[in-house]
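In case you want the letters, here they are:
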Amino acid sequence: MIDLASAQAFFWLCFGLGIFLVAAFLSWCLFEVARLLRQSNEVVEHVRNVVADIEEDFSELKEKFGTVIGNVAGMAKGASKISGLIEDLAPEKKKRKTRKKS
């Protein structure tokens, strides 16, 4: 057993033990922070890979269906014009029908 003859020896023992505990706690905190940073870095890399894959998929879709989408947009405009013409002609037909009945 350690001979603690004086209060000063006991003080230095407690002081050394306290320094050791504080150093151990700080080391544990630094380890946990480093682990957290590594995990967050992995998450950021994963998100970057997912976003890059999504961008590649959209660019491939744009290459494959770009002309088709342009044609569909043109067809939609044409269909709206045709439906507008049909609506313009429809009241005239109703008027003709009502005139024939009179």
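Structure: see above.
Caption draft 1: Main features of a negative patch on the surface. Together, Asp 53, Glu 55, Glu 56, Asp 57, Glu 60 and Glu 63 make up a negatively charged patch on the protein surface. Relative to the helices and strands, Glu 60 resides in helix H1 (residues 7–101).

Caption draft 2: Broad picture of the packing of aromatic side chains. Summed over the entire model, instances satisfying the criterion amount to 4 aromatic pairs. Ring geometry for Trp 12 versus Phe 15: centroids 5.7 Å apart, planes at 85°, classification edge-to-face. Taken together, the residues span about one helical turn, with Trp 12 and Phe 15 both in helix H1 at a distance of 3 residues. When the ring of Phe 25 is compared with that of Trp 28, the centres are 6.1 Å apart and the planes differ by 35°; the resulting orientation is tilted. Here Phe 25 and its partner Trp 28 are both found in helix H1, 3 residues apart, which amounts to about one turn of the helix. Within the aromatic cluster, the residues linked to one another by ring pairs are Phe 11, Trp 12 and Phe 15.

Caption draft 3: View of the pattern of salt bridges. Under the definition given, this model contains 2 salt bridges. The shortest N-O distance in the salt bridge between Arg 35 and Glu 32 comes to 3.0 Å. Taken together, the positions of Arg 35 and Glu 32, both in helix H1 and 3 residues apart, correspond to about one turn of that helix. Judged by its relative accessible area of 36%, Arg 35 falls in the partly exposed class. Judged by its relative accessible area of 24%, Glu 32 is partly exposed.

Cut-off values and rules
Residues numbered from 1 in each chain as written. Predicted model: local features only at pLDDT ≥ 70, side-chain atom pairs only at ≥ 80, totals over all residues. Heavy atoms only, no water. Patch = residues over 30% accessible without salt bridge, like charges linked within 9 Å, V, L, I, M, F, W, Y side chains within 5 Å. Areas by Shrake-Rupley, 256 points an atom, 1.4 Å probe, with all protein chains shown as cover. Salt bridge = Lys/Arg side-chain N within 4 Å of Asp/Glu carboxyl O. Lys, Arg positive; Asp, Glu negative; His and termini not counted. Charge placed at Lys NZ, Arg CZ, Asp CG, Glu CD. Helix = DSSP H or I, 4+ residues; strand = E, 2+ residues; numbered from the N terminus. Phe/Tyr/Trp six-rings, centres within 6.5 Å; stacked < 30°, edge-to-face > 60°. Buried < 20%, exposed > 50% of the residue type's maximum accessible area, 1.4 Å probe, protein only.

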